[in-house]
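Now for the letters of each chain:
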Amino acid sequence: MASKLWEKNIQVDHDVETYTVGRDREMDLYLAPYDLLGSMAHVMMLGSVGLLTSEEVTILTAALREIYADAVAGRFVIEDGVEDVHSQVELLLTRKLGDIGKKIHSGRSRNDQVLVDLRLFIRSRIETLADAVTRLFNILIEQSERYAEVLMPGYTHLQVAMPSSFGLWFGAYAESLLDDLTVLQAAYKVTNRNPLGSAAGYGSSFPLDRRMTTRLLGFESMDYNVVYAQMGRGKTERIVSQAMASIAATIAKLAFDACMFSSQNFGFIKLSDEYTTGSSIMPHKKNPDVFELTRAKCNKLQALPYEITLITNNLPSGYFRDLQLIKENFLPAFDELEAVIDMVCSMISEIKVNCNILDDSRYDLIFSVEEVNRLVCEGMPFRDAYKAVGLKIERGEFVPDKHVSHTHDGSIGNLCNDSIKALYDKTLSDFGFDKYHKAIDELLKA
Ligand code: ARG
């Protein structure tokens, strides 16, 4: 068994090691490239404050860049007996460089290392997530425009209510994603702050230049107070997962609509055959399993903030090993949500829409308000018009005029998709991802 970073004279019990390391080796692979970036910034900073010579900085950063390339290419492994990514990197450096490798940990702790790794990981995954959300947003807007004129019934209480349209239906989910993106941006702002230099959670007596690592890693600012920096563990993940849950909630609702609207009793949409599955007993079945699983996956994702809350709820300030377990739920969630979004993008682009829904007389009454409004325009007070149409319906004499003319902002005839898109594009560009890319590109330059 390889020794631990912290091991002195007493050998670590194998069962205890298995128990405490848990799935950390697997989880830390998500963090490996970011651990190396954090270490590069830390090493350069140690050089600038005189704790490493410039030669040592050159040697260490070159070695870290090599390991970084391995990590990005998926060649980085955490060996048996090594606790985590942080230990593995130090081990590799020490094997390769001897004493110089042993110097890198001055002025830091694995506690602020994992904090900074998580921030860098999240920052990058928020970017890919925002990309995926944007793809779905654009598809929804396209479909909204394509089917702007196709009417469908709108419901309240699941009772037939008023005319709606596929333009409104698709566009509503696009606009929902706009708000989800705003929430994601708030999470991004919380994430884009540098915890490095907080060490074990109480700073260091070395004169660390935290402004320098903040700049080198492209963070917007630092988490100034070292105790607060450590308190960000779990809090950041919770806030980010709330944003993910917001996206997931939008998609879960869309998935429910899609399942319902594709059932024979509605017949509003048809899913492409590739996205339906058959039954082992009923030869006629084409089930919307893909949307059903989408709904369930999205509902599971909405549990994530609660899971994190429960892990962190009763912890006082300061580091606790409890925090490690968050990784198992949190890190893979990005892959899951992105896979859901990819699938929904394909399904929504290929969805078939029924253009004649309202020919069916069971929807005739959705035009009742149109008739009331027509009488109002002719000068009848609304309450009288309401009553007159109501009585006509009771007598079975109501004949719908199926022509609808809704003109106000956000209505059937005036979807305002351009305004929604403009707001979306502005929100997306406000993330300013290029700022951090610039810093990281610079950091990686030999
Ligand atoms: N695997 C640990 C975690 O994720 C790394 C930090 C270890 N720190 C400690 N004090 N044991 O939290």
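This is a predicted model, so every value here is computed, not measured. (Residues numbered from 1 in each chain as written. Predicted model: local features only at pLDDT ≥ 70, side-chain atom pairs only at ≥ 80, totals over all residues. Heavy atoms only, no water.)

Chemist: Looking at this structure, I do not really get the overall build of the protein chain. What am I missing?
Modeler: When its secondary structure is counted, the protein chain shows 16 helices and 6 strands. The C-alpha radius of gyration computed for the protein chain amounts to 28 Å, which surpasses the reference 22 Å derived for 446 residues by more than 25%, pointing to a less compact arrangement than a globule. For the protein chain, the proportion of its 446 residues judged to be buried stands at 50%. Excluding contacts between residues fewer than 6 apart, the proportion of contacts in the protein chain whose partners are at least 24 apart in sequence is 77%. Accessible surface, the protein chain as shown: approximately 21,800 Å² in total, 54% of it carbon and sulfur. Charge separation in the protein chain, taken as the distance between the mean sites of 47 positive and 62 negative side-chain charges, equals 3 Å. (Helix = DSSP H or I, 4+ residues; strand = E, 2+ residues; numbered from the N terminus. Rg over C-alpha atoms; globule rule 2.2 N^0.38 Å. Buried < 20%, exposed > 50% of the residue type's maximum accessible area, 1.4 Å probe, protein only. Contact = heavy atoms within 4.5 Å. Areas by Shrake-Rupley, 256 points an atom, 1.4 Å probe, with all protein chains shown as cover. Lys, Arg positive; Asp, Glu negative; His and termini not counted. Charge placed at Lys NZ, Arg CZ, Asp CG, Glu CD.)

Chemist: How should I be thinking about the site of the ligand in this particular structure?
Modeler: Near the ligand, the surroundings consist of Asp24, Arg110, Asn111, Val114, Arg233, Tyr319, Gln324 and Lys327. Between the ligand and the protein, one listed contact pairs an oxygen atom with a side-chain N or O atom of Tyr319 at 2.5 Å. Contact distances for the ligand include 3.0 Å between a nitrogen atom and a side-chain N or O atom of Gln324. Its free accessible area being 340 Å², the ligand has 85% of it covered by the protein chains. In terms of residue class, the shell around the ligand is made up of 2 nonpolar, 2 polar and 4 charged. (Near = heavy atom within 4 Å. Polar contact = N/O pair within 3.5 Å; in protein donor to acceptor, adjacent residues only side chain to side chain. Nonpolar A, V, L, I, M, F, W, Y, C, P; charged D, E, K, R; others polar.)

Chemist: Can you help me understand the environment of Asp289 in this one?
Modeler: Assignment of secondary structure puts Asp289 in helix α10 (residues 289-301). One polar contact links Asp289 to Thr277, side chain to side chain, over a distance of 2.8 Å.

Chemist: Please explain the packing of aromatic side chains as it appears in this structure.
Modeler: Each aromatic ring pair is summarised here by two numbers: the centre-to-centre distance and the angle between the ring planes. The tally for this structure, following the rule as stated, stands at 20 aromatic pairs. Look at Tyr188 and Phe433: their rings are 5.1 Å apart centre to centre, the planes differ by 80°, and that puts the pair in the edge-to-face class. Separated by 245 residues along the polypeptide, Tyr188 in helix α7 (residues 166-191) and Phe433 in helix α16 (residues 433-444) bring together distant segments of the chain. Tyr188 sits in the buried class, given a relative accessible area of 4%. What links up through ring pairs into an aromatic cluster is the set Tyr147, Tyr155, Phe166, Trp169, Phe170, Tyr173, Phe261, Phe266, Phe268 and Tyr363. In this structure, Arg295 packs its charged tip against the face of Phe256, placed 5.0 Å from the ring centre. Directly above the ring of Tyr386 sits Arg383, whose terminal nitrogen or CZ lies 4.8 Å from the centroid. (Phe/Tyr/Trp six-rings, centres within 6.5 Å; stacked < 30°, edge-to-face > 60°. Lys NZ or Arg CZ within 6 Å of the ring centre and 35° of its normal.)

Chemist: Explanation requested: the pairing of strand β1 (residues 151-156) in the structure shown.
Modeler: When a strand is regular, its side chains alternate between the sheet's two faces. In this sheet, strand β2 (residues 159-165) lies alongside β1 in antiparallel orientation, the contact comprising 6 bridges. Residue pairing in the sheet places Leu151 in a bridge with Ser165 of β2. Connecting β1 to the antiparallel partner β2 that follows it, the hairpin turn spans 2 residues, and His157 within it adopts a positive phi of roughly 55°. (Pairing = 2+ DSSP bridges.)

Chemist: Honestly, the side chain of Asp35 in this entry has me stumped. Any pointers?
Modeler: Residue position: Asp35 is located in helix α2 (residues 24-48). Nearest to the buried, unbridged Asp35 among oppositely charged side chains is Arg108, at 5.7 Å. Side-chain polar atoms of Asp35 contact the side chain of Gln113, separated by 3.3 Å. Excluding residues that lie within four positions of it along the chain, Asp35 makes contacts with Val85, His86, Val89, Gln113 and Asp117. (Salt bridge = Lys/Arg side-chain N within 4 Å of Asp/Glu carboxyl O.)

Chemist: Quick question: what am I supposed to make of the packing of α2 against helix α4 (residues 85-97) here?
Modeler: Helix-helix packing is characterised by the crossing angle of the two axes and by the distance between the axes. Relative to each other, α2 and α4 sit at 50°, their axes nearing to 9 Å. The angle between α2 and α4 falls in the class oblique. Crossing geometry of α2 relative to α4 is assigned as right-handed. Along its contact with α2, which presents Asp28, Ala32, Asp35 and Leu36, the element α4 presents Val85, His86 and Val89. Broken down by class, the residue content of the contact of α2 with α4 amounts to 4 nonpolar, 1 polar and 2 charged. (Axes fitted to C-alpha atoms, helices over the stretch in contact; angles between N-to-C directions. Parallel < 35°, antiparallel > 145°, perpendicular 65-115°, else oblique. Left-handed = near helix turned anticlockwise from the far one by under 90°.)

Chemist: I would appreciate a short explanation of helix α3 (residues 54-72) in the present structure.
Modeler: Over its 19 residues, α3 extends 26 Å from the first C-alpha to the last, a length consistent with the 27 Å expected when each residue adds 1.5 Å. All of the buried residues along α3 are Glu56, Val57, Leu60, Thr61, Ala63, Leu64, Arg65, Ile67, Tyr68 and Ala71. Just downstream of α3 lies Gly74, where phi reads positive at about 80°. (Expected span 1.5 Å × (residues − 1).)

Chemist: In this structure, what is going on with the pattern of salt bridges? I would like to understand it.
Modeler: Side chains that differ in sign of charge can pair as their charged atoms come close. One pass over the structure, following the stated rule, counts 27 salt bridges. Its salt-bridge partner being Arg110, residue Glu83 comes within 3.1 Å of it at the nearest N-O pair. Of the two residues, Glu83 is situated in the loop between α3 and α4 and Arg110 in helix α6 (residues 110-146); the sequence distance between them amounts to 27 residues. For Glu237, the salt bridge is made with Arg233, and the minimal N-O distance between the two is 3.8 Å. With Glu237 and Arg233 both in helix α9 (residues 226-261) and 4 residues apart, this pair spans about one turn of that helix. We classify Arg233 as buried; its relative accessible area is 6%. In this structure, a network of salt bridges that share partners links the residues Glu83, Asp84, Arg110 and Arg321.

Chemist: When you look at a nonpolar patch on the surface in this model, what are you seeing that I'm missing?
Modeler: On the surface, a nonpolar cluster with roughly 280 Å² of combined accessible area is contributed by Val376, Phe382 and Tyr386. Assignment of secondary structure puts Val376 in helix α13 (residues 368-377). Overall, the relative accessible area of 32% leaves Val376 in the partly exposed class. (Patch = residues over 30% accessible without salt bridge, like charges linked within 9 Å, V, L, I, M, F, W, Y side chains within 5 Å.)

Chemist: Sorry if this is basic, but what is going on with unusual backbone geometry here?
Modeler: Glycine aside, residues mostly have negative phi angles, and peptide bonds mostly take the trans form. Of note, Leu158 is a non-glycine position whose phi angle comes to about 60°, a positive value. Mapped onto the fold, Leu158 is located in the loop between β1 and β2. Leu158 gets classed as exposed once you look at its relative accessible area, which sits at 53%. Positive phi is not limited to glycine here, since Ala199 has a value of about 50°. Residue classification places Ala199 among the buried positions, given a relative accessible area of 6%.

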